[in-house]
Amino acid sequence: MEATLQQADPAVFATIQSEIHRQKDDLELIASENYVSNAILEALGSPLTNKYAEGLPNRRYYGGCEHVDEVENIARRRARELFTVEGCDIGVNVQPHAGAQANQAVFLAALNAGDTILGLDLSHGGHLTHGSPVNSSGSLYNGVHYQVDDQGIIDMNVVRERALEHRPKLIITGASAYPRIIDFEAFRSIADEVGALLLADIAHIAGLVATGLHPSPFPHCHYVTTTTHKTLRGPRGGLVMAQREYMKGINSAVFPGNQGGPLMHCIAAKAVAFGEALQPEFKGYCQQVIDNAAAMADRLMSRGFSLVSGGTDNHLMLLDLASSDAADADLTGKQAELILGEAGITVNKNTVPGEQRSPMVTSGVRIGTPAMTTRLMGVPESVQVADWIADVLTSPNDEALRAQMKLEVQGLCRRFPIYPKLG
Ligand SMILES: Cc1ncc(COP(=O)(O)O)c(C=O)c1O
């Protein structure tokens with residue numbers, strides 16, 4: 001009980017140390033990742049992990065819940081404060097273990113097996129949990145999809161056509177790889193026309209929504225889900241919100257419908273993250289995320305790279321290699337991810353609209369600025385990073401360039417350190 005991790009389990013300790021060093025010295029551009037604060041790490045590593053607390057605060061199935069009740073109530077209060085808009089009474093449930101579980105809870109509350117759900121196509125930027133056949137959302141329910149147009153923009157006429165054709169019970173808006181503003185109001189008018197409920201999955205843009213830098217899904221959406229670990233910069237986890245009248249169904253769908261005991265250490269960490277996001281500085285952070293993405297997008301385009309939709313309004317961009325003048329036609333997303341990784345720049349391959357390659361190969365790369373912005377990198381660094389990306393991708397056979405660049409990337413990362421007391 002008294003031994004440190006290093007003493008008790010050197011093998012696990014060593015892997016954690018290596019990962020800390022990777023996070024410190026590599027440039028993280030995966031759009032869904034971020035760095036949490038030391039305060040959040042402390043809450044995550046707390047003995048709250050020991051506590052079973054099935055049920056909601058003050059209505060638990062276990063004794064000894066007085067302190068975790070308090071922390072869950074703090075998390076709930078702060079989440080409401082972050083996402084409430086005037087004139088719309090919302091409820092929140094902070095217990096979903098992750099974004100996927102938050103979406104499952106909505107499906108369980110709103111649907112019967114076999115009902116139709118309409119979401120954005122996975123290869124056009126949607127998420128697996130929006131009705132893909134390989135996910136329970138597509139095997140338990142009838143998943144149908146809308147696509148983006150030739151410019152890479154969600155065409156509301158197409159959404160309406162699909163909705164009229166399929167008469168879904170639930171329409172899902174929200175995405176994993178969509179660089180533009182989402183028009184929740186337009187989605188609601190289509191949902192009303194076909195008698196559907198509307199879910200916004202704001203997993204990616206939650207921080208931007210919380211700070212008013214992206215329009216809110218409320219009051220238009222009946223349900224709103226999010227992860228807490230992307231632009232919101234909290235611990236890994238999920239959050240589900242709904243207009244008040246739908247909350248009872250959501251609460252019982254989370255527990256006992258979908259989960260057992262909530263992860264109280266994560267809920268404590270979510271409370272800390274929501275507290276951080278309520279501070280005025282967090283809006284400055286989110287604005288910088290957007291400014292950095294815009295600067296990076298502009299530079300990449302000026303270097304001959306094509307971005308889906310011609311740029312970005314948010315924290316991410318999608319590089320379309322197949323239609324980029326600057327890239328070899330046979331350079332795949334998989335190869336780009338690999339060679340950028342060799343240069344110390346971490347991205348993920350991504351399908352692009354009209355994708356011709358498999359999801360394991362792809363023709364695109366998704367790039368996001370939330371993590372580098374947390375390190376306090378700004379526009380000059382974003383432009384520099386765009387140049388590095390362009391240099392690597394225009395010379396995919398130049399191993400020496402990548403070796404040299406890895407040192408330069410490391411130098412930049414060390415000028416903007418994270419976790420100075422760790423590793
Ligand atoms: C839009 C969207 N919804 C849901 C999820 C699932 O979140 P999790 O990985 O926490 O289950 C993701 C994750 O990337 C996402 O992008």
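The rules behind each value
- Residues numbered from 1 in each chain as written.
- Predicted model: local features only at pLDDT ≥ 70, side-chain atom pairs only at ≥ 80, totals over all residues.
- Helix = DSSP H or I, 4+ residues; strand = E, 2+ residues; numbered from the N terminus.
- Rg over C-alpha atoms; globule rule 2.2 N^0.38 Å.
- Buried ≥ 20, exposed ≤ 12 C-beta atoms within 10 Å, placed from the backbone.
- Contact = placed C-beta atoms within 7 Å.
- Near = placed C-beta within 6 Å.
- Nonpolar A, V, L, I, M, F, W, Y, C, P; charged D, E, K, R; others polar.
- Arc of directions from axis to C-beta.
- Domains from an automatic or database assignment.
- Pairing = 2+ DSSP bridges.
- Axes fitted to C-alpha atoms, helices over the stretch in contact; angles between N-to-C directions.
- Core = buried A, V, L, I, M, F, W, Y, C linked by C-beta atoms within 7 Å.

**Looking at the overall build of the protein**
Part 1: Helix and strand counts for the protein come out as 16 helices and 15 strands.
Part 2: Its C-alpha radius of gyration of 22 Å places the protein within 12% of the 22 Å reference for a compact globule of 423 residues.
Part 3: For the C-alpha atoms alone, the extent of the protein along its principal axes is close to 65 × 60 × 40 Å.
Part 4: When each of the 423 residues of the protein is scored for burial, the buried share is 49%.
Part 5: When contacts within the protein are restricted to residue pairs at least 6 apart in sequence, long-range pairs at least 24 apart make up 72% of them.

**Concerning the site of the ligand**
Part 1: Around the ligand sit 14 residues, and of these Ala 98, Gly 99, Ala 100, Ser 176 and Ala 203 come closest.
Part 2: Class assignment for the residues of the shell around the ligand results in four nonpolar, nine polar and one charged.

**Concerning helix α8 (residues 184-194)**
Part 1: Inspection of α8 places Phe 184, Phe 187, Arg 188, Ile 190 and Ala 191 among the buried residues, and these make up the whole buried set. The arc that holds the buried residues of α8, viewed along the axis, is 165°, so those residues lie on one side. What points out from α8, more than 90 degrees from its buried face, is the exposed set Glu 185, Asp 192 and Glu 193.
Part 2: For α8, the secondary structure elements touched by its buried residues are α7 (156-166), β7 (170-173) and β8 (197-201).

**Topic: the domain arrangement of the protein**
In many reports, interface size means the accessible area that the parts give up when they come together.
Part 1: Annotation of the protein at the domain level lists domain 1 (43-277) and domain 2 (281-415).
Part 2: For domain 1 and domain 2, the distance between their C-alpha centroids amounts to 28 Å.
Part 3: Residue-level contacts link 22 residues of domain 1 with 23 residues of domain 2.
Part 4: Listed by contribution, the elements that provide at least two residues to the side of domain 1 that touches domain 2 are α9 (206-210) and α11 (264-277).

**Points about the pairing of strand β15 (residues 364-368)**
Strand residues, when the strand is regular, have side chains that alternate between the two faces of the sheet.
Part 1: With respect to burial, β15 is a largely interior element, five of its five residues being buried.
Part 2: Here β15 shows a buried face lined by Gly 364, Arg 366 and Gly 368 and a second buried face lined by Val 365 and Ile 367.
Part 3: Direction of pairing for strand β12 (residues 316-320) relative to β15: antiparallel, over a ladder of five bridges. Bridged to Leu 316 within β15 is Gly 368.

**Things to note about the sheet that holds β12**
Part 1: Pairing in this open sheet of four strands is antiparallel, and the strands run β11-β12-β15-β14 from one edge to the other. For this open sheet the edge positions go to β11 (306-307) and β14 (348-350), each flanked by a neighbour on one side alone.
Part 2: Helix α12 (residues 280-302) rests against β11, β12 and β15 of the sheet, and its axis sits at about 15° to β12.

**Let's talk about the sheet that holds strand β5 (residues 116-120)**
Adjacent strands of a sheet pair through backbone hydrogen bonds, lying either parallel or antiparallel.
Part 1: Taken in spatial order, the seven strands make up an open sheet running β4-β10-β9-β8-β7-β5-β6, and their pairing is mixed. Of all the strands in the sheet, the pair left with one neighbour each is β4 (90-93) and β6 (142-146). Here the average twist between neighbouring strands, direction ignored, is 20°.
Part 2: In this structure, β4 lies alongside strand β10 (residues 238-243), joined through four bridges in antiparallel fashion. Looking at the pairing, Asn 93 lines up with Val 240 of β10.
Part 3: In the packing of helix α4 (residues 66-83) onto the sheet, the strands contacted are β4 and β10, and the crossing angle to β4 comes to about 135°.

**Points about the nonpolar core**
Part 1: Ile 171 and Ile 389 are the most contacted members of the largest nonpolar core, which totals 117 residues.
Part 2: In terms of residues, this core owes the most to one element, α11, which gives ten residues.
Part 3: Counting residues domain by domain, this core receives three or more from each of domain 1 (43-277) and domain 2 (281-415).
Part 4: Once residues lying within four places of it in the same chain are set aside, the contact partners of Ile 171 are Leu 118, Ala 163, Phe 187, Ile 190, Ala 191, Ala 196 and Leu 198.

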